[in-house]
Amino acid sequence: MDSQLEVFVTVAELENFSRAAERLHMTQPAVSQYIKVLEKSMDARLFDRSNKYVRLTQAGKIVYHHAKEIIGLYTSMHALIDDLTNKASGTISIGASYTYGEYVLPEVLKRLKEEALEITPSVTIGNTKEICKLISDYRLDIGIVEGEVNDENITVEPFETDELYVVSSPESLTSREGNFSPEELEGKTWIVREEGSGTRRISEKFFSSAGIRPVSRLEFGSTQLIKEAVEAGLGITLLSRWTFKKEVKAGDLAIVNVEGLPVQREFSLISRSLFRSKALEIFVEKVKRSDK
């Protein structure tokens, strides 16, 4: 792979020549020279420089997008060639949305390490929108998300159905017998995830399909924080069954019986490349058996 591209991408992501030099174990003049040569070959200035910052120009943004793709394809090519003669090994970069990444993935990785010691997983957790962006930019080998993926360049493979329930503190709403109608919950404070989250998207679909407009909302960027807020009696929420098992068992949270629930959605594997290394195939096998 052309080392100029690797140097260029490092500078672009760190927005600093000195830090890029440290990351690459190079001198700063050497990094500057690589960038000068690349700019000359492109016949374009790729960075705006000042004493305070280094920023990509419009030309630089184009080069960065394609450089990431080239580096990703190059890495994938080497992994596939290694697979022809070697056993599964090396690093696989995994992205997961918060629900799967925080509540299901740890057990998958535990079983992966028990059976494949030479595979090293590198994990990034973010909301669905963030993980899709990283996959699109070839910055991850594979992603696991819930909800819709609106990118025609990404391959989407549903592998498991998730169920979401309305959850409250044990002291509120659960003493009544029978089911609540969605309309009866309209006046409650609903605690929801941030925009870009798959759980937020499914919550909005539930509100729309049930024909309710919550009078009051609180928005948090963490499922754990939402659970603690619900436990404290600040409101109710719609959450995946994976996220509240321990709390329901301990009596800290309770499922509210609501007509039309649970809501179902799919967990999906997403990627840009059609090819998978042996290491990645082993990981995917463990993911698909996560609920077995």
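What counts, and where the lines are drawn
- Each residue is numbered by its place in its chain's sequence as written, counting from 1.
- Per-residue local features are limited, in this predicted model, to residues with pLDDT of at least 70; the limit for side-chain atom pairs, both in listing and counting, is 80 or more; totals at the level of whole chains, interfaces and linings are taken over all residues.
- Only hydrogens and water are set aside; all other atoms, that is, all heavy atoms of the structure, feed into the side-chain values.
- We count a stretch as a helix when DSSP gives it H or I for four or more residues in a row; a strand needs E for two or more, and each element gets its number in order from the N terminus.
- Working definition: with a 1.4 Å probe on protein chains only, accessible area under 20% of the residue-type maximum means buried, over 50% means exposed, and in between means partly exposed.
- Polar contact is the term for a pair of N or O atoms within 3.5 Å; when the atoms are in protein, one must be able to donate a hydrogen and the other to accept it, and sequence-neighboring residues count only if both atoms are side-chain atoms.
- Any two residues having at least one pair of non-hydrogen atoms within 4.5 Å are treated as being in contact.
- When DSSP finds two or more bridges between two strands, those strands count as paired.
- To estimate the expected span of a helix, subtract one from its residue number and multiply by 1.5 Å.
- Among buried residues, the Ala, Val, Leu, Ile, Met, Phe, Trp, Tyr and Cys ones that are joined through side-chain atoms within 4.5 Å form a nonpolar core.
- Helix axes are fitted to C-alpha atoms over the stretch in contact, other axes to C-alpha atoms as well, and angles between N-to-C directions run from 0 to 180 degrees.
- Orientation categories follow fixed angle ranges, with anything under 35 degrees roughly parallel, anything over 145 roughly antiparallel, 65 to 115 roughly perpendicular, and all other angles oblique.
- For any helix crossing, the convention is left-handed if the near helix is rotated counterclockwise from the far helix by under a right angle, and right-handed if that rotation is clockwise.
- All amino acids are sorted into three groups, where Ala, Val, Leu, Ile, Met, Phe, Trp, Tyr, Cys and Pro are nonpolar, Asp, Glu, Lys and Arg are charged, and the leftover types, Gly among them, are polar.

## Brief notes about the side chain of Asp162
With respect to the element layout, Asp162 can be found in strand β6 (residues 155-168). What makes Asp162 buried here is its relative accessible area of 0%. At a separation of 2.9 Å, a polar atom in the side chain of Asp162 contacts the side chain of Ser240. Not counting chain neighbours up to four residues away, the residues in contact with Asp162 comprise Ser240, Arg241, Trp242, Val263, Gln264, Arg265 and Phe267.

## With respect to the pairing of β6
The pairing of β6 with strand β11 (residues 263-271) spans nine bridges and is classified as antiparallel. Bridge pairing in β11 places Asp162 opposite Arg265. Pairing analysis gives four bridges linking β6 to strand β9 (residues 237-240), with the strands arranged antiparallel. The partner of Tyr165 across the bridge, within β9, is Leu239.

## Quick notes on the environment of Glu194
Positionally, Glu194 belongs in the loop between β7 (189-192) and α8 (198-210). Spatially, the C-alpha atom of Glu194 lies 18 Å from that of Ile144, the residues being 50 residues apart in sequence. Contacts of Glu194, omitting those with residues within four sequence positions, involve Tyr98, Asn127, Arg200, Glu219, Phe220 and Gly221.

## Section: helix α1 (residues 3-14)
Taking 1.5 Å per residue as the helical rise, α1 with its twelve residues ought to reach 16 Å, and the 17 Å between its terminal C-alpha atoms agrees with that figure. Of all twelve residues in α1, nine are buried; the element is thus mostly enclosed. Just past α1, the residue Glu15 takes up positive phi, approximately 55 degrees.

## Structural notes on the nonpolar core
If you look at the biggest cluster of nonpolar residues, it comprises 23 residues, and the most contacted ones within it are Ile92, Tyr100, Leu105, Ile144, Phe283 and Val287. For this core, the secondary structure elements donating two or more residues are β3 (90-96), α6 (105-115), β5 (142-146), β11 and α11 (278-288). Excluding its chain neighbours within four sequence positions, the residues that come into contact with Tyr100 are Leu105, Pro106, Val108, Ile144, Phe159, Phe267, Val287 and Ser290. Leu5, Val7, Val31 and Val54 belong to the second-largest nonpolar core, a separate cluster that totals 21 residues.

## Looking at the packing of α6 against α11
At a minimum axis distance of 9 Å, the contact between α6 and α11 shows a crossing angle of 130 degrees. Overall, the two elements α6 and α11 adopt an arrangement that is oblique. With respect to the hand of their crossing, α6 and α11 are arranged in right-handed fashion. Seen from α6, the contacting residues are Leu105, Val108, Leu109, Arg111, Leu112 and Glu115; seen from α11, they are Ile282, Phe283, Lys286 and Val287. Grouping the constituent residues of the contact of α6 with α11 by class yields seven nonpolar, no polar and three charged.

## Section: the environment of Phe267
Assignment of secondary structure puts Phe267 in strand β11. As for Phe267 and Leu117, which are separated by 150 residues in sequence, their C-alpha atoms are 26 Å apart. With residues up to four places along the chain from it excluded, the contact list for Phe267 reads Thr99, Tyr100, Val145, Glu146, Glu157, Pro158, Phe159, Glu160, Asp162 and Trp242.

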